[in-house]
Amino acid sequence: MSLCAQCARVQRTCCQYTDVLVTDGDILRIREYTDQPDFYENRIPVDPSYLDQNDDPNWNAYTVLPDKSRRVLKQQENRDCIFLTEQGCVLPLEARPLVCRLYPIYFTESGLDGLAEGCPPQLQTPGKPLLDAVGVDIVSAERWRHLLYHELRTGSVLYENRHYLRPAG
Ligand code: SF4
Ligand code: SF4
(Lines give C-alpha, C1' and ligand atoms only; values in the text may rest on other atoms or scores of the structure.)
(Ligands and ions follow the chains in the order given, each with its own letter.)
Protein backbone atom coordinates (compact mmCIF):
# COMPACT_ATOMS: atom_id res chain seq x y z
CA MET A 1 0.00 0.00 0.00
CA SER A 2 1.33 3.46 -0.87
CA LEU A 3 2.44 5.85 1.85
CA CYS A 4 -0.44 8.20 0.99
CA ALA A 5 -3.01 5.39 1.30
CA GLN A 6 -1.53 4.40 4.67
CA CYS A 7 -1.48 8.05 5.72
CA ALA A 8 -5.21 8.34 5.05
CA ARG A 9 -5.82 5.55 7.59
CA VAL A 10 -3.99 7.20 10.46
CA GLN A 11 -4.25 10.97 10.14
CA ARG A 12 -5.78 13.92 8.40
CA THR A 13 -4.06 14.06 5.01
CA CYS A 14 -2.89 17.00 2.92
CA CYS A 15 -6.21 16.80 1.00
CA GLN A 16 -8.28 17.55 4.12
CA TYR A 17 -8.69 20.89 5.84
CA THR A 18 -6.25 22.43 3.37
CA ASP A 19 -6.84 25.58 1.36
CA VAL A 20 -5.73 24.59 -2.13
CA LEU A 21 -4.80 27.64 -4.16
CA VAL A 22 -5.65 27.50 -7.88
CA THR A 23 -4.06 29.44 -10.73
CA ASP A 24 -5.80 30.32 -14.00
CA GLY A 25 -3.98 27.34 -15.51
CA ASP A 26 -5.20 25.00 -12.78
CA ILE A 27 -8.77 26.11 -13.43
CA LEU A 28 -8.44 25.58 -17.15
CA ARG A 29 -6.89 22.12 -16.74
CA ILE A 30 -9.48 20.99 -14.18
CA ARG A 31 -12.29 22.27 -16.41
CA GLU A 32 -10.82 20.43 -19.39
CA TYR A 33 -10.80 17.21 -17.41
CA THR A 34 -14.01 17.43 -15.40
CA ASP A 35 -16.19 19.64 -17.60
CA GLN A 36 -17.36 21.25 -14.33
CA PRO A 37 -17.49 25.03 -13.94
CA ASP A 38 -18.11 25.25 -10.23
CA PHE A 39 -15.22 23.84 -8.19
CA TYR A 40 -13.46 26.93 -6.84
CA GLU A 41 -14.29 30.03 -4.81
CA ASN A 42 -12.66 33.00 -3.12
CA ARG A 43 -12.20 32.25 0.58
CA ILE A 44 -10.44 33.97 3.47
CA PRO A 45 -8.01 31.49 5.07
CA VAL A 46 -9.05 30.12 8.47
CA ASP A 47 -5.40 29.37 9.19
CA PRO A 48 -3.40 32.63 9.39
CA SER A 49 -0.18 30.81 8.47
CA TYR A 50 -1.35 30.93 4.85
CA LEU A 51 -0.66 34.67 4.96
CA ASP A 52 2.72 34.33 6.71
CA GLN A 53 5.00 34.05 3.71
CA ASN A 54 8.08 36.06 4.69
CA ASP A 55 10.41 33.68 2.88
CA ASP A 56 8.58 34.28 -0.43
CA PRO A 57 8.08 38.05 -0.61
CA ASN A 58 5.87 38.17 -3.71
CA TRP A 59 3.58 35.27 -2.78
CA ASN A 60 0.87 37.30 -1.07
CA ALA A 61 0.88 39.90 -3.83
CA TYR A 62 0.32 37.08 -6.34
CA THR A 63 -2.34 35.23 -4.38
CA VAL A 64 -4.21 37.42 -1.87
CA LEU A 65 -7.11 39.54 -3.10
CA PRO A 66 -7.97 42.98 -1.65
CA ASP A 67 -10.59 41.45 0.68
CA LYS A 68 -7.90 39.02 2.03
CA SER A 69 -9.48 36.04 0.30
CA ARG A 70 -7.65 33.67 -2.01
CA ARG A 71 -8.92 31.65 -4.96
CA VAL A 72 -9.06 28.07 -3.72
CA LEU A 73 -10.79 24.75 -4.40
CA LYS A 74 -14.18 24.29 -2.77
CA GLN A 75 -14.45 21.84 0.09
CA GLN A 76 -17.01 19.23 1.11
CA GLU A 77 -18.99 19.72 4.33
CA ASN A 78 -16.34 17.88 6.34
CA ARG A 79 -13.68 20.14 4.80
CA ASP A 80 -12.23 17.44 2.56
CA CYS A 81 -11.20 18.76 -0.84
CA ILE A 82 -14.05 18.67 -3.34
CA PHE A 83 -12.05 16.19 -5.47
CA LEU A 84 -11.19 13.78 -2.67
CA THR A 85 -12.99 10.41 -2.64
CA GLU A 86 -12.46 7.17 -0.74
CA GLN A 87 -10.20 6.11 -3.59
CA GLY A 88 -8.12 9.28 -3.33
CA CYS A 89 -7.99 12.23 -5.70
CA VAL A 90 -10.22 11.92 -8.78
CA LEU A 91 -7.98 14.17 -10.85
CA PRO A 92 -5.07 12.75 -12.84
CA LEU A 93 -1.71 14.25 -11.97
CA GLU A 94 -1.64 16.64 -14.93
CA ALA A 95 -5.00 18.13 -14.00
CA ARG A 96 -4.22 18.57 -10.30
CA PRO A 97 -3.49 22.03 -8.95
CA LEU A 98 0.21 22.77 -9.08
CA VAL A 99 0.44 23.23 -5.30
CA CYS A 100 -0.96 19.69 -4.89
CA ARG A 101 1.58 18.27 -7.28
CA LEU A 102 4.41 19.95 -5.39
CA TYR A 103 3.40 18.76 -1.92
CA PRO A 104 5.30 17.75 0.28
CA ILE A 105 8.05 19.96 -1.18
CA TYR A 106 8.32 23.49 0.15
CA PHE A 107 9.05 26.04 -2.52
CA THR A 108 9.49 29.75 -3.11
CA GLU A 109 9.84 31.86 -6.22
CA SER A 110 13.61 31.27 -5.91
CA GLY A 111 13.56 27.49 -5.88
CA LEU A 112 12.61 24.28 -4.12
CA ASP A 113 13.16 24.65 -0.40
CA GLY A 114 13.01 21.46 1.65
CA LEU A 115 10.24 19.11 2.73
CA ALA A 116 7.06 19.71 4.67
CA GLU A 117 6.63 17.80 7.91
CA GLY A 118 3.03 16.71 7.36
CA CYS A 119 3.73 13.18 6.09
CA PRO A 120 3.62 10.67 8.97
CA PRO A 121 7.20 9.78 9.92
CA GLN A 122 6.16 6.54 11.64
CA LEU A 123 4.94 5.14 8.30
CA GLN A 124 8.04 6.03 6.33
CA THR A 125 10.57 3.32 5.50
CA PRO A 126 14.01 4.07 6.93
CA GLY A 127 16.43 4.81 4.11
CA LYS A 128 13.68 5.41 1.54
CA PRO A 129 13.46 9.06 0.49
CA LEU A 130 10.08 10.63 1.23
CA LEU A 131 9.74 11.87 -2.34
CA ASP A 132 10.11 8.33 -3.69
CA ALA A 133 7.46 7.17 -1.23
CA VAL A 134 4.94 9.77 -2.40
CA GLY A 135 5.93 9.49 -6.07
CA VAL A 136 7.36 12.97 -6.68
CA ASP A 137 10.61 13.52 -8.58
CA ILE A 138 12.72 16.66 -8.32
CA VAL A 139 12.87 17.38 -12.07
CA SER A 140 9.07 17.39 -12.34
CA ALA A 141 8.79 19.41 -9.14
CA GLU A 142 11.08 22.11 -10.51
CA ARG A 143 9.02 22.23 -13.74
CA TRP A 144 5.77 22.57 -11.75
CA ARG A 145 7.29 25.30 -9.58
CA HIS A 146 8.29 27.22 -12.71
CA LEU A 147 4.80 26.76 -14.15
CA LEU A 148 3.15 27.86 -10.91
CA TYR A 149 5.04 31.15 -10.63
CA HIS A 150 4.68 31.87 -14.32
CA GLU A 151 0.92 31.49 -14.03
CA LEU A 152 0.78 33.52 -10.81
CA ARG A 153 2.95 36.34 -12.18
CA THR A 154 1.38 36.65 -15.59
CA GLY A 155 -2.15 35.28 -15.21
CA SER A 156 -1.48 33.35 -18.41
CA VAL A 157 -1.27 29.61 -18.93
CA LEU A 158 1.79 27.63 -19.98
CA TYR A 159 0.78 24.46 -21.77
CA GLU A 160 2.56 21.22 -21.05
CA ASN A 161 1.55 17.67 -21.91
CA ARG A 162 -2.00 17.02 -20.80
CA HIS A 163 -2.34 13.28 -21.34
CA TYR A 164 -5.88 13.30 -19.97
CA LEU A 165 -7.03 15.01 -23.18
CA ARG A 166 -8.11 12.62 -25.88
CA PRO A 167 -6.48 13.18 -29.30
CA ALA A 168 -8.81 14.94 -31.76
CA GLY A 169 -10.59 12.86 -34.39
S1 SF4 B 1 1.63 13.54 0.66
FE2 SF4 B 1 2.09 13.17 2.84
S3 SF4 B 1 0.40 14.14 4.00
FE4 SF4 B 1 -0.26 13.92 1.85
S5 SF4 B 1 -1.41 11.95 1.82
FE6 SF4 B 1 0.73 11.55 1.18
S7 SF4 B 1 1.78 10.96 3.07
FE8 SF4 B 1 -0.12 11.98 3.70
S1 SF4 C 1 -7.11 18.32 -5.89
FE2 SF4 C 1 -6.67 16.21 -5.41
S3 SF4 C 1 -4.56 16.23 -4.61
FE4 SF4 C 1 -5.34 18.34 -4.49
S5 SF4 C 1 -6.20 18.52 -2.43
FE6 SF4 C 1 -7.86 17.92 -3.82
S7 SF4 C 1 -7.96 15.69 -3.65
FE8 SF4 C 1 -5.96 16.34 -2.85
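Here the structure is shown first, and the text comes after it.
Nothing here was measured: the structure is a model prediction, and the numbers come from that model.

(A) Representation of the site of ligand 1 in the model. All residues adjacent to ligand 1 are L3, C4, C7, T13, C14, Y103, G118, C119 and P120. Class assignment of the residues belonging to the shell around ligand 1 gives a composition of 7 nonpolar, 2 polar and no charged.

(B) Representation of helix α6 (residues 138-154) in the model. Taking 1.5 Å of rise per residue, 17 residues should cover 24 Å, and α6 covers 24 Å from first to last C-alpha, within 8% of that figure. Taken together, the buried residues of α6 touch α2 (24-34), α3 (59-63), α4 (98-102), β5 (105-108) and β6 (111-115). Capping of α6 at its N-terminal end is provided by D137; its side-chain oxygen lies 3.2 Å from the backbone amide nitrogen of V139. Trailing α6 by a residue or two, G155 shows a phi angle of about 70°, which is positive.

(C) Quick look at the pairing of β5. Here β5 runs beside β6; their pairing, made up of 3 bridges, is antiparallel. Each bridged residue has a counterpart across the sheet, and for I105 the counterpart in β6 is L115. In this antiparallel pair of consecutive strands, β5 and β6, the connection spans 2 residues.

(D) Fine view of the nonpolar core. If you look at the biggest cluster of nonpolar residues, it comprises 29 residues, and the most contacted ones within it are W59, L73, F83, F107, V136 and L148. Within the residue set of this core, elements represented by two or more residues are α2, α4, β5, α5 (130-134) and α6. Ranked by the residues each element gives to this core, the list is headed by α6, at 6 residues. For W59, the contacting residues outside a window of four places in its chain are L21, Q53, R70, V99, F107, L148, Y149 and L152.

(E) Structural view of the site of ligand 2. The immediate surroundings of ligand 2 are formed by C15, V20, L73, C81, F83, L84, C89, L91, R96, P97 and C100. The residue makeup of the shell around ligand 2, split by class, is 10 nonpolar, no polar and 1 charged.

(F) Geometry of the side chain of R70. Relative to the elements of secondary structure, R70 occurs in strand β2 (residues 70-73). Of the buried charged residues, R70 lacks a salt bridge, with D19 as the closest side chain of opposite charge at 4.7 Å.

Criteria and thresholds
Residues numbered from 1 in each chain as written. Chains lettered and ligands numbered in written order. Predicted model: local features only at pLDDT ≥ 70, side-chain atom pairs only at ≥ 80, totals over all residues. Heavy atoms only, no water. Near = heavy atom within 4 Å. Nonpolar A, V, L, I, M, F, W, Y, C, P; charged D, E, K, R; others polar. Helix = DSSP H or I, 4+ residues; strand = E, 2+ residues; numbered from the N terminus. Expected span 1.5 Å × (residues − 1). Contact = heavy atoms within 4.5 Å. Polar contact = N/O pair within 3.5 Å; in protein donor to acceptor, adjacent residues only side chain to side chain. Pairing = 2+ DSSP bridges. Core = buried A, V, L, I, M, F, W, Y, C linked by side-chain atoms within 4.5 Å. Buried < 20%, exposed > 50% of the residue type's maximum accessible area, 1.4 Å probe, protein only. Lys, Arg positive; Asp, Glu negative; His and termini not counted. Salt bridge = Lys/Arg side-chain N within 4 Å of Asp/Glu carboxyl O.

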